[in-house]
Amino acid sequence: MRTVLLVIFYLVLASGVSVAQSDQNPETNTQPADTSLGDQILDNVQENIKLSGEIGAFGELYSVSGRESRRPGSSGRIFFRPSMSIYDRITLSLDLFVSSEGSAARQDINTVGFSPEWSWGKLYYGDFNMEVSKFTMADVKVNGYGIDLFPGIFKMMAFSGTSQKALALESSTSMFQRTIYGGKIGLGELDGSHFHINFVRSYDDKKSLARSIFLQVDTVMTGQGPRIDSSFTGVKPQENLILGTNWGLNMFDDAFKIKTEGAVSLFTGDTYADGINNKDVPEALSKYFSPNITTSGDAAVATEMSVTTKVLSLKGGYTLVGPGYTSHGLGSLINDRQIITGGVGLNLFSGGLSVQTNFQQHTDNTADQKKFTSERNTLGVVVAMRPWKSFMVTVMSNTNTMGNSATNDTLKIDNENSTLGVNTSYNFSAFELQHVLTVSYIGVNNVSKSKLRGDNEIVSTNFNAGLSTVFSKTISATLGGAMSEVDLGPIGTNSTSTFNGKVNHKAFDGKLTNSLTISAVSSDVHATNVLGFQSSYQLFQQSAVALLFRGTFFKGKGNNKQKFNEFMTTLNWTYRI
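Residues numbered from 1 in each chain as written. Predicted model: local features only at pLDDT ≥ 70, side-chain atom pairs only at ≥ 80, totals over all residues. Heavy atoms only, no water.

Caption draft 1: The overall build of the protein, seen in detail. Looking only at helices and strands, the protein has two helices and 29 strands in total. Among the 577 residues that make up the protein, the fraction classed as buried is 29%. In the protein, once contacts between residues fewer than 6 apart in sequence are set aside, the share between residues at least 24 apart is 50%. Entry remark: accessible area of the protein is about 34100 Å², with carbon and sulfur atoms responsible for 59%. (Helix = DSSP H or I, 4+ residues; strand = E, 2+ residues; numbered from the N terminus. Buried < 20%, exposed > 50% of the residue type's maximum accessible area, 1.4 Å probe, protein only. Contact = heavy atoms within 4.5 Å. Areas by Shrake-Rupley, 256 points an atom, 1.4 Å probe, with all protein chains shown as cover.)

Right, here's the structure in full:
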């Protein structure tokens, strides 16, 4: 695979060079006689080979007194992301990231990636992320190599590497080295009309960790006396195979869109377990996957559709992920879920009035494998009005309900949460200055009908106001305040008041930007003051340095005797090529 990728890369590079040479003088394909060969080469390089990218460094100092430290006392990171464009046909990119926060007790966050790119393809080498589809491979970092080809409507992706390194720790926290490979083939791109077939395969290397890490020896008392018993515990080596397809159709200048994806997953939770001898298992499957007694299979499907016009927009969707669906190519996946979504939008009076509604129903127990089913419903409405140019009002309403079909009072869930919010914004002039006044209200009502805890209701009320003023081209300021009250019923009421202020200053033709922020929060249980300062300076047109300081001063009230001071200072430098 590596040889094939290199051959493709050099063929594309050679074609770019030959085309550039022929474009110098298309009629004669010769160089001007009055120019030396060295000058011709130098001019050609300067004109057709362009460098871009960025390099930077980040440092942080941290200290705290009165409580446990949440971060290391000092840390640093550097990154280097250069990119070279050759004849506007090939782009060579490198991604280097190094951090002092790396640890042998977790997966390495340092990255080194090389990704040459041209008009109809891209290569990957080192550390990279490749998105195949939402149910197969999306947000897992791979260390290896890959290719993405898209000449015309044709689409092909392939990758191979490791997604996690071996970590020899305790039996429950160790990690096996995981190999992952796959790709797709089809027509079109995901954001347009397309049809793709996807494939992802992954497996843990059992030899990457000693079996003795997971051996547990216990002494068991029996009628004949003590007996030595041993077993293997902790994490298990896993195996995963996914095959799926996704297709989409965009019509009428994207006014109508529909997308669908379906995938089937085979997952083995312990490759050490005993195998199976079942004639129903296809022989062809054994070439790519070895099922055993811990193997399970399940499916996932998702479809969404939208219709958009200047006045009206409609959208709807359906998602079903089986309880046994698993993908090693996804950083996180919630399975056992069925989701139905919908929404209607209106845009009236040239944007003077807009209405957006959305609905979602979320249920589990998709295979009737549980005793009861949980259901969550969400209904939201947002209305935005601009009666005149300087004044805008937004009204928001959201209702969430959550419950299940359990008849047992211990397991019964019946909750409802409703939110109502109003936000206003007014631009005006006073004292020869420009101002923006914002006022908002948010009310939240949460009701739980649990019989064991008794009917209880929590009511939260929040008022916010802010005034921003521009004094000159170099100085502006913002003052704000907020008051909130939470009624916890029999427990009592908690009140919180917040004040914040911010001053922005620019100097040296905008190259130097400073901001000072102060906030004070006072509640029934604590008083917290935060002082922050941020300054950035543009050293050159492509380079800037930024300094950030933040100090937090916390003091508890009443029974809360905690008191601490926390300080953090960061220095960040970047240079764009």
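Caption draft 2: Region of interest: the pairing of strand 25 (residues 493–507). Pairing geometry for strand 24 (residues 475–487) and strand 25, over 13 bridges, is antiparallel. Across the sheet, the residue bridging to Gly481 is Phe499, located in strand 25. Alignment of strand 25 against strand 26 (residues 512–523), held across twelve bridges, turns out to be antiparallel. From the neighbouring strand, His505 faces strand 26, where its bridge partner is Asn514. Hairpin remark: strand 25 followed by strand 26, antiparallel, with four residues in the connecting loop; positive phi at Phe508, about 55 degrees. (Pairing = 2+ DSSP bridges.)

Caption draft 3: Here's a closer look at the environment of Gly403. For Gly403, the location among the structural elements is in strand 20 (residues 391–404). Considering only alpha carbons, one finds Gly403 and Lys449, 46 residues apart in sequence, at a separation of 9.8 Å. Gly403 has contacts with Thr373, Ser374, Glu375, Ile413 and Asp414, leaving out every residue within four places of it along the chain.

Caption draft 4: Just the side chain of Asn246, in detail. Following the sequence through the fold, Asn246 ends up in strand 13 (residues 239–251). Among the polar contacts made by the side chain of Asn246, one reaches the side chain of Asn198 at a distance of 2.6 Å. Setting aside residues up to four positions removed in sequence, Asn246 forms contacts with Ser133, Lys184, Leu190, His194, Phe195, His196, Asn198, Thr260 and Glu261. (Polar contact = N/O pair within 3.5 Å; in protein donor to acceptor, adjacent residues only side chain to side chain.)

Caption draft 5: Up close: the packing of aromatic side chains. A complete count under the given rule lists 13 aromatic pairs for this structure. An angle of 85 degrees between the planes, with centres 5.4 Å apart, marks the rings of Trp118 and Trp120 as edge-to-face. A residue is classified by how much of its surface remains accessible, and Trp118, at 4% relative accessible area, is buried. The rings of Trp388, Phe391, Tyr426 and Phe428 are connected pair by pair, giving a single aromatic cluster. We note Arg67 situated over the ring of Phe564; from NZ or CZ to the ring centre the distance is 5.0 Å. (Phe/Tyr/Trp six-rings, centres within 6.5 Å; stacked < 30°, edge-to-face > 60°. Lys NZ or Arg CZ within 6 Å of the ring centre and 35° of its normal.)

Caption draft 6: Spatial organisation of the pairing of strand 21 (residues 414–430). Here strand 20 runs beside strand 21; their pairing, made up of 13 bridges, is antiparallel. Paired with Phe391 across the two strands is Tyr426, which belongs to strand 21. Across 16 bridges, strand 21 lies against strand 22 (residues 433–448) in antiparallel orientation. The residue of strand 22 that forms the bridge with Gly421 is Ile442. Hairpin geometry of strand 21 and strand 22 is characterised by an intervening segment of two residues between the two adjacent antiparallel strands and by a positive phi of about 55 degrees at Phe431.

Caption draft 7: Layout of the side chain of Thr378. As for its position among the elements, Thr378 is in strand 19 (residues 374–388). For Thr378, the side chain forms a polar contact with the side chain of Asn400, separated by 2.7 Å. Here Thr378 is in contact with Asn358, Phe359, Gln360, Asn398, Thr399 and Asn400, once residues within four sequence places are set aside.

Caption draft 8: Representation of a nonpolar patch on the surface within the structure. Taken together, Ile153, Phe154, Ile185, Leu187, Phe195, Ile197, Leu243, Trp247, Leu249, Met251 and Phe252 make up a surface patch of nonpolar side chains, about 1100 Å² in accessible area. Elements supplying a minimum of two residues to the nonpolar patch: strand 9 (177–187), strand 10 (194–205) and strand 13. The dominant element in the nonpolar patch, judged by the number of residues it contributes, is strand 13, at four residues. Mapped onto the fold, Leu187 is located in strand 9. Using a relative accessible area of 44% as the deciding quantity, one classes Leu187 as partly exposed. (Patch = residues over 30% accessible without salt bridge, like charges linked within 9 Å, V, L, I, M, F, W, Y side chains within 5 Å. Salt bridge = Lys/Arg side-chain N within 4 Å of Asp/Glu carboxyl O.)

Caption draft 9: Summary view of the environment of Ala406. Considering the arrangement of structural elements, one finds Ala406 in the loop between strand 20 and strand 21. Sequence separation of Ala406 and Thr373 is 33 residues, and the distance between their C-alpha atoms is 7.6 Å. In contact with Ala406, other than residues within four places in its own chain, are Phe372, Leu411 and Lys412.

Caption draft 10: Local environment of the layout of surface pockets. Looking at the largest pocket, its volume works out to about 540 Å³. What lines the largest pocket is a set of 27 residues, and nearest its centre among them are Lys134, Lys259, Ala302, Thr303 and Glu304. By residue class, the composition of the lining of the largest pocket is seven nonpolar, 13 polar and seven charged. (1 Å grid on protein atoms, 1.4 Å probe; cavity = no way out; pocket = protein on both sides within 12 Å on 5 of 7 lines; lining within 4 Å. Points joined across faces, edges and corners; volume = space filled by probe spheres on them. Nonpolar A, V, L, I, M, F, W, Y, C, P; charged D, E, K, R; others polar.)

Caption draft 11: Summary view of the pattern of salt bridges. Under the defined criterion, the tally for this structure stands at ten salt bridges. Between Asp148 and Lys155 there is a salt bridge whose closest N-O contact spans 2.8 Å. The same class applies to Asp148 and to Lys155, which are both buried. When the shortest N-O distance is used, the salt bridge between Asp204 and Arg178 registers 2.7 Å. Remark: Arg178 occurs in strand 9 and Asp204 occurs in strand 10; sequence separation between them is 26 residues.

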